[in-house]
Amino acid sequence: MSTASAQNTAAPQTFPIPANVHAETVVSVKHYTDRLFSFRITRPQSLRFRSGEFVMIGLPNAERPVFRAYSIASPAWDDELEFFSIKVPDGPLTQHLQKIQPGDTVLMRPKPTGTLVLDALTPAKRLFMISTGTGIAPFASLLRDPDTYEKFEHAYLTHTCRDVAELAYGKELVASLSQDPLIGEFAAGRVTLYNSTTRETSPCMGRITALIGSGKFYSDLGIEPLNPETDRVMICGSMQMLKDVKELVESLGFVEGSLANPASFVVERAFVG
Ligand code: A2P
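Keep in mind it's a predicted model, so treat the numbers as computed, not measured.

Here we take up the confidence of the model for the chain. For any part of a model where pLDDT is low, the fine detail of the predicted coordinates should not be relied upon. Per-residue pLDDT for the chain averages 94, and the proportion of residues at 70 or more is 95%. Scored below 50 in pLDDT, residues 1-8 makes 0 contacts in the model with residues more than four places away or belonging to other chains.

With that settled, the discussion passes to the nonpolar core. Of all hydrophobic cores here, the largest spans 53 residues; its most connected members are Phe-83 and Leu-143. For this core, the domains that each give at least three residues are domain 1 (22-108) and domain 2 (118-268). Not counting residues up to four positions away in its chain, the partners in contact with Phe-83 are Phe-37, Ser-38, Phe-39, Ile-41, Val-55, Ile-57, Tyr-70, Ser-71, Ile-72 and Ala-73. The next biggest cluster of nonpolar side chains, apart from the first, holds 22 residues, and it includes Ile-208, Phe-217, Met-241 and Leu-242.

Any two aromatic rings considered together are summarised by their centre-to-centre distance and by the angle between their planes. Under the counting rule described, the total for this entry stands at 11 aromatic pairs. Between Tyr-70 and Phe-83, the ring centres sit 6.1 Å apart and the planes meet at 85 degrees, which makes this aromatic pair edge-to-face. Taken as a pair, Tyr-70 in strand S4 (residues 68-71) and Phe-83 in strand S5 (residues 80-86) lie far apart in primary sequence, 13 residues in all. One aromatic cluster is present, formed by Phe-128, Tyr-156, Tyr-194, Phe-217 and Tyr-218 through successive ring pairs. In this structure, Arg-109 is placed above the aromatic ring of Phe-67, and the distance from its NZ or CZ to the ring centre is 4.1 Å.

Where burial is concerned, most of strand S10 (residues 231-237) is hidden: 7 out of the 7 residues are buried. Taking every second residue as pointing to the same face, both faces of S10 are buried, with Asp-231, Val-233, Ile-235 and Gly-237 on one and Arg-232, Met-234 and Cys-236 on the other. With 6 bridges connecting them, strand S7 (residues 126-132) and S10 associate as parallel partners. Residue pairing for S10: Ser-131 is matched across the bridge by Cys-236. The pairing of S10 with strand S11 (residues 265-269) spans 5 bridges and is parallel. Following the sheet pairing, Cys-236 is matched in S11 by Glu-268. For the crossover that starts at S10, traverses helix H8 (residues 239-251) and ends in the parallel S11, the hand is right-handed.

How each quantity is defined
Residues numbered from 1 in each chain as written. Predicted model: local features only at pLDDT ≥ 70, side-chain atom pairs only at ≥ 80, totals over all residues. Heavy atoms only, no water. pLDDT = per-residue confidence, 0-100. Contact = heavy atoms within 4.5 Å. Core = buried A, V, L, I, M, F, W, Y, C linked by side-chain atoms within 4.5 Å. Buried < 20%, exposed > 50% of the residue type's maximum accessible area, 1.4 Å probe, protein only. Domains from an automatic or database assignment. Phe/Tyr/Trp six-rings, centres within 6.5 Å; stacked < 30°, edge-to-face > 60°. Helix = DSSP H or I, 4+ residues; strand = E, 2+ residues; numbered from the N terminus. Lys NZ or Arg CZ within 6 Å of the ring centre and 35° of its normal. Pairing = 2+ DSSP bridges. Right-handed = clockwise from strand over helix to strand, strands pointing away.

In structure tokens form, the structure reads like this:
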């Protein structure tokens, strides 16, 4: 005499995979804070991309799934794809995406694109990658790509977050470079991570715009100021952050580049929502 069989017997509703979309399998998920997580999915064999590009990601949870742009955080040679995501409580995609588990399906549109690519920059000595929040993702890809070290002598990655816990992904990334069997020998001694926080006390506090503007960034690292003769800059963060950092580097003489017209800096908006 049981009524249990009457409860929740309906299978979860399933929707057909839309045409021209890859259905990939979640391999692993890592939660960093209540706002940030990373995940890895299988890579479609046909997918080719440049390190630093983004793809459109969705879930098979509706007839017409919501897709959002996600920078691929893994390098072009990796046989899995890694992403670093924010969790927005009411975000049309991330309120569901933050619950994915290994074995689940993630949808991906097939055409990678983006401006944060090495080919959009002319050659120089130093590469500065300026990021806030999940804007670090494309740089996680580029720092694991041997081409970055072919093209530049030294890479400086700046990552600014609200609090210290949000910096963990970038710290792990940079620490892992020297252990990486493919990248270790290229990256050794050639990557500098510069962290700051804006809402929690830490050894280095402030927005990167303020830290560069005051010169603290240069004195902390003991390096020459940004100079378009010797340096290239890639920028990824929120809309306002992009605008402010772009204005800053333009005031220093940097010129925005693209694949069609490579120059001295490039920008890309980090995913939100
Ligand atoms: P702040 O705490 O002063 O807003 P978020 O998580 O909201 O995307 O922010 C990530 C980091 O980017 C925070 O440390 C935030 O600082 C910083 N930030 C926000 N707007 C700008 C901006 N216009 N220029 C530089 N940094 C910014």
